[in-house]
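Structural overview for review
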Amino acid sequence: MIFQPETIEDALGLLAHSDQVLVVVSGGTDVLPAIRSGKYASRSFLDISHLKDLSFCYQEQGFLYLGPSLTHTQILEHEMIRAGVPLLCAACSSIGSPQIRNLGTLGGNLITLASCADSVPALLALGATLVFSSSRGSRSISLPEYLSSPVCAPTELLTSIAIPLLLGSGWTFYHKKIARRQAASKSRMSIALLAQMEAGRFASGTLACGAVTSTPRLFSSVSALLEGKFPSDELGRQAGLLVAQEITKSAPVRQSYLYKLPVLQELVKRAIVSCGGIS
Amino acid sequence: MPSFLAIQENKEMREYTVVNKSLPRTDAHAKVTGSMLFGDDYNAYNQLYAKAVYTDHPYADIESVDVSAAMCLAGVVDVITASDIPHPIMFGRFPALAQDTALYIGDAFAVVAAETEEIASLAASMVTIRYKKIHSPLVSVQQALSSSPLHATTKGNYIDHASHHLELGSPRGAFADASVVIEQTYSTSFVDNGYIEPESVLVEYDPNTHVVVIRGTIQNPYNIRELVAGVLGYPLNRVRVIQTAIGGSFGGKDESMALISARAAVLAIRTGRPVKTTYTREESFVASAKRHPFTSSYKVGLSDSGKLLGLTSTHYALGGPYNKQAMFANWRASIHAAGPYSIEHVTTDVYGVHSNTIFGGAYRGFSAPQIQFGIESLIDECALSVDMDPITFRLLNCLKPGDIIPSGQILDPDYMPANLGSLIVMVSERTDFLVKWHANQKKQQDASSPLLQGIGISTTYRGVGLGGEGIDTGSATVTIDMDGFVQVTSGFTEMGQGLSTTLCQIVAQELGLEISAITWFANDTSANMDSGPTVASRGIVAGGNAVKDACNTLKTVMACTLAEHFGGQPEQYVFAHGLVGTLAFADAARFCLKSRGISLSAKGWYSPGPETFDPRTGQGKAYPSYLWGATVAQITVDMGTGVIKVDHLTSAIELGRAINPQIVRSQFIGGAIQGLGYAIMEEMDCHDGFMHTLNFDDFMMPSSMDIPEMDIILVETDENVGPYGAKGIGELGIEMIAPAIVNAYANATGKRVREIPLNLERVVLGHGL
Amino acid sequence: MNKLEHITFEVNNKEITLAISPTERLVDVLRKRLGLTGTKEGCGIGECGACTVLLEGIPVSSCMVLAAQANGKKILTIEGLHGKDGALHPVQQAFIDSGAVQCGFCTPAMVLCGHALLIKNPDPSTEEIKLAISGTLCRCTGYTQIIEAISLAAARMKS
């Protein structure tokens, strides 16, 4: 069976009263390949792609609220998002191909949570918070907390992504995705750095990377290192080293690290040099 | 802006009205409107869908195949195993269905025929294969050669007839005299042809004639006819193969088509219903031909002035458990292995080796991309060893008119242009090669920027047609109807390369007509003689000559008939501008057909000269002619990330005559971009016998964002082997790109990588993961 | 309640109502139920772009869209591009004139991507054209003549 509700209330009601776990279809770019490989045999589906109330974008009380059904194309073309959080646009523009960006949604990227999900490092660097709703109410969870235990209950839908607005001036960012060809390619690794510069120093710096470890992650040790420092090659090198050390300490070493860790270190250095405005 | 220039070597070359013109393709309208029907677009009333059941292990002995659960599923009409197939083993040892042993991960043990694709897939998953013993698969040349043979009747694990030897002079003596001796080994990977359309076939058994009719995406219809007839135990005249439009093939839609056609044919006969099979991309990746990985070891001796004195090389092609192409591809490799260079003493040995991996077959170039990667990399290493730049070294050593090539053929300047030197100079000057190359050499140690520029060159030469591989004959039928319009069919196939257009251009030129008066019909084995496979650019040489032959017959018959009735000599009846003499073509045709009862349908047949080749020494007339090329690649390498951007490709190619320059350009660029993929991103991972490269998200082929600026110079000559001098263009694009890029990489970084693809890991680490 | 068993949608300006099954894909509806075989399937996972159609004017891979998701939407396939009298759309004509077609399997997708681009951006740069077709793989042409075709179409449509 497939259900196609027209309002969020209807959708949540269907989830609450279903006697089986419904597979939620947003853009479809993750669900359809899964159907093809047999993953959802004899399952029922909830198609939320017709819910207009999940494609919002507005600012309120210091936050930018994004609807999870926004496609990656809608995000990278949206004036408010381009002006407010261009780092997210940079990340979304690197996802898949034009056809996939036209279908795939911000929410879908977060729910499927492949290790190479390209929007997630940017959302981490931006300090995003996720809101899940069920027919019983809503809950808020920071993205890092969600990533440590990515649960969306069978009765829940992701209904909003909140990003703190970047206050003040001196904001800059760096985003890079490494892939095996110049377009339409899975990420070999990606990195997002959001920094605020003040009088030539880092007032703050938040670094996240994806497709290296099993889930995209933040590096709080780098934030601590950057704070108050002048950008330099040496600072970049130190930050890269911290990242590599943190990765090898926290998870079993993979064969791909032979390639990925030196490259990641180089990208971290470039990120710091780039955000710091030196070359 | 990409540029394209055609130069005519010989100023007295003839001007034509239709040939040598960039006319629009005759099939373009159907393709841009989506009305062209490809394999999977065909459906028959009451058809069944067939789905194969594959092994779970690459190398295992089978205990049993249990189809009972599948047979019980509603909508399943039939399930077959090897015992239901009259003669399951085809040429090259390919089993239509395997029986006792799985020899690679693509071996199939049963096929289900059901009412829908979904039911067929579900039923296939319900077939149970029980394994008696699971073996460790042989996945490398070393393993294969040091293990017991996979087949009882081969010599070790050497592929039958795939060992080829060539010797000229005595390299050992040359090495003794050499000031510098270099030994290196180069290797390449399995890659897929990557046609966007997966294989598809629809097979019906016609109860009226007892003929099996196979309609599908088949590059070599006669080959498939022969193989399926053999499997069924039918005479050839009871198997008919009709070729649909093909969404790309490049050599690959051959073994896979034989397998799915044979299976569907057995099911169609048993069920009395049409049977359709379309591969998923995953099936196409696993169970179709790949380019053979080559491991090529060279030893070369040079004088201190940079003259090549002697070269020996040994090449191993990893072939998979079944193989029907290595015997031919390896022969071509043995002729070309020493590259387009004048070397007095050469020994070449090429071998094919069986393995429990995905299998090798034909993929554009047919050993040339692997061979050229090896020899052109080696040439650059040789140049460096005697402190010479790559251009000067090549100009010193490249083949020139009058030289003898390693297989003993003399490049007779009267009928075989060998202007490789001028092609090298052309691309070198056009790219300012020497200035850039020297500058980059100096910057290699510069650590200030992770982005490095590199410039590199490769040359190639390529024997035209099949040469000594086999009998290179072709057929065509040209029929003039009484309204003056013309039908053309040929034993050769259109698979995107534009042959249907170029053959029509030749017919139009010969008969003095507009191309709009000519209709080309897709290949149907009941309507034409066997012309062998459409490979190696034979389509234009053998096919083109065959249509020309047919047209000559028609012109002679018409001219004689008209002269007899209207007076004058037959020579006065010239076919041009829609006229025959002063008569309108249609009137002339109607006169011959209706008033004189003359048949205006002629079969053309092309046959090259007699073979004079000694397979023991690799000496003789290997090919009727050669194509020549030189390409310069300019790249930017990011040493920090491993990303290579190919910025510019500049190529000069000598191809005889371009029947349709726009098609030639497109073919060349298409091949070049395949070559780019081969060089830096394409790789199929079957390292443990299991397939890890499942679909296009794993197998990276170049996208539109990966293409460089292309600068192409066509050098045209009035060669006499092909029609109007055309020698073909299909392969030349792909052969030179990988070595040019890898040589550019060495120029940029000072590092020599001897395996491709030169991907992210190999750039950063120097080796693959 | 909200259970979907039929869809009503517009394909090439024609309204159609069909019973659909939950996992049926748009590409299957087009190719097998509506006989519109101009839309091709190359990989089934949205990587090759051969199945591209315009959904509300936007290029999408139809193998990645459930038939259900097309409910109430407008679809344009390659068959809907030329005029009723058979007149080719300028993008189609430009593909013929530029030699942008070889095997033709990716051609419908490439033409539609070019068409969608020119509606949004009538004067695209070469880089913008490359980006617009970057999700559609071509193995035959090496893309160059396809890019030239879309550029030619843009120039012709401007004048």
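**Focus on the overall build of chain C**
- When helices and strands are counted, chain C shows five helices and five strands.
- From first element to last, N terminus to C terminus, chain C shows the α and β order β-β-α-β-β-β-α-α-α-α.
- At 16 Å, chain C has a C-alpha radius of gyration in line with the 15 Å of a compact globule built from 159 residues.
- Along the first, second and third principal axes, the C-alpha set of chain C runs to 50 × 30 × 25 Å.
- Within chain C, buried positions represent 65% of all 159 residues.
- For chain C, restricting intrachain contacts to residue pairs at least 6 apart in sequence, the fraction spanning at least 24 positions comes to 56%.
- Summed over all atoms, the accessible surface of chain C reaches about 5,400 Å², with 52% contributed by carbon and sulfur.
- Charge separation in chain C, taken as the distance between the mean sites of 15 positive and 15 negative side-chain charges, equals 3 Å.

**A short note on the interface of chain B and chain A**
- Opposite the 25 residues of chain B that make contact, chain A presents 18 residues.
- For the chain B face of the interface with chain A, the top three residues by lost area are B:Met700, B:Leu760 and B:Leu769, together amounting to 28%.
- A salt bridge links A:Arg188 to B:Glu761; the nearest nitrogen and oxygen atoms lie 2.7 Å apart.
- Here chain B and chain A share eight residue pairs in polar contact (both at pLDDT 80 or more) between them.
- Here the side of chain B that touches chain A gets four residues from one element, more than from any other, and that element is helix α20 (residues 760–765) of chain B.
- A breakdown of the residues in the side of chain B that touches chain A according to their chemical character gives eleven nonpolar, six polar and eight charged.

**A short note on the domain arrangement of chain C**
Residues and elements named next belong to chain C.
- Taken domain by domain, chain C consists of domain 1 (6–80) and domain 2 (84–158).
- Between domain 1 and domain 2, a total of about 1,100 Å² is buried, with carbon and sulfur atoms accounting for 74% of that surface.
- Inspection of the domain 1/domain 2 interface yields zero salt bridges.
- Across the contact surface, domain 1 and domain 2 share one residue pair in polar contact (both at pLDDT 80 or more).

**Some thoughts on the sheet that holds strand β6 (residues 108–114) of chain B**
All names here are of chain B.
- Spatially, β4-β6-β2-β14-β11-β12-β13 is the arrangement adopted by the seven strands of the open sheet, whose pairing is mixed. Looking along the sheet, the strands with just one partner apiece sit at the ends: β4 (76–81) and β13 (239–243). The sheet shows a mean angle of 25° between the axes of neighbouring strands, taken without regard to direction.
- Strand direction decides the pairing type here: strand β2 (residues 48–54) and β6, joined by six bridges, are antiparallel. Residue pairing in the sheet places Tyr 49 in a bridge with Ala 114 of β6.
- This element, helix α7 (residues 255–271), spans β2, β4, β6, β11 (200–206), β12 (211–216) and β14 (275–278) of the sheet and lies at about 35° to β11.

**Description of the packing of aromatic side chains**
Residue and element names in this part refer to chain B.
- In total, this model carries 23 aromatic pairs over all chains according to the counting rule given.
- Between Tyr 461 and Tyr 626, the ring centres sit 5.4 Å apart and the planes meet at 20°, which makes this aromatic pair stacked. Placement of the pair is Tyr 461 in strand β19 (residues 451–463) and Tyr 626 in strand β29 (residues 626–638), with a sequence separation of 165 residues.
- Across the ring face of Tyr 234, the terminal group of Arg 238 is positioned such that the distance to the ring centre comes to 3.9 Å.
- A cation sits over an aromatic face here: Lys 548 above Tyr 724, 4.8 Å from the ring centre.

**Points about the interface of chain B and chain C**
- Facing 52 residues of chain B, the contacting portion of chain C comprises 43 residues.
- Of all residues in chain B, B:Val32, B:Ile196 and B:Ser704 give up the largest surface area on contact with chain C, accounting jointly for 18% of the area buried on that side.
- Applying the counting criterion to the chain B and chain C interface returns six salt bridges.
- Taking the shortest distance from any N to any O, the salt bridge between B:Asp41 and C:Arg31 comes out at 2.7 Å.
- Applying the counting criterion to the chain B and chain C interface returns 26 residue pairs in polar contact (both at pLDDT 80 or more).
- Of all the secondary-structure elements, those providing two or more residues to the side of chain B that touches chain C are α1 (28–32) and α17 (661–680) of chain B.
- Per element, the largest residue contribution to the side of chain B that touches chain C is eight residues, and it comes from α17(B).
- Class assignment of the residues belonging to the side of chain B that touches chain C gives a composition of 24 nonpolar, 17 polar and eleven charged.

Calculation criteria
- Residues numbered from 1 in each chain as written.
- Chains lettered and ligands numbered in written order.
- Predicted model: local features only at pLDDT ≥ 70, side-chain atom pairs only at ≥ 80, totals over all residues.
- Heavy atoms only, no water.
- Helix = DSSP H or I, 4+ residues; strand = E, 2+ residues; numbered from the N terminus.
- Rg over C-alpha atoms; globule rule 2.2 N^0.38 Å.
- Buried < 20%, exposed > 50% of the residue type's maximum accessible area, 1.4 Å probe, protein only.
- Contact = heavy atoms within 4.5 Å.
- Areas by Shrake-Rupley, 256 points an atom, 1.4 Å probe, with all protein chains shown as cover.
- Lys, Arg positive; Asp, Glu negative; His and termini not counted.
- Charge placed at Lys NZ, Arg CZ, Asp CG, Glu CD.
- Buried area = accessible area lost by both parts, 1.4 Å probe.
- Salt bridge = Lys/Arg side-chain N within 4 Å of Asp/Glu carboxyl O.
- Polar contact = N/O pair within 3.5 Å; in protein donor to acceptor, adjacent residues only side chain to side chain.
- Nonpolar A, V, L, I, M, F, W, Y, C, P; charged D, E, K, R; others polar.
- Domains from an automatic or database assignment.
- Pairing = 2+ DSSP bridges.
- Axes fitted to C-alpha atoms, helices over the stretch in contact; angles between N-to-C directions.
- Phe/Tyr/Trp six-rings, centres within 6.5 Å; stacked < 30°, edge-to-face > 60°.
- Lys NZ or Arg CZ within 6 Å of the ring centre and 35° of its normal.

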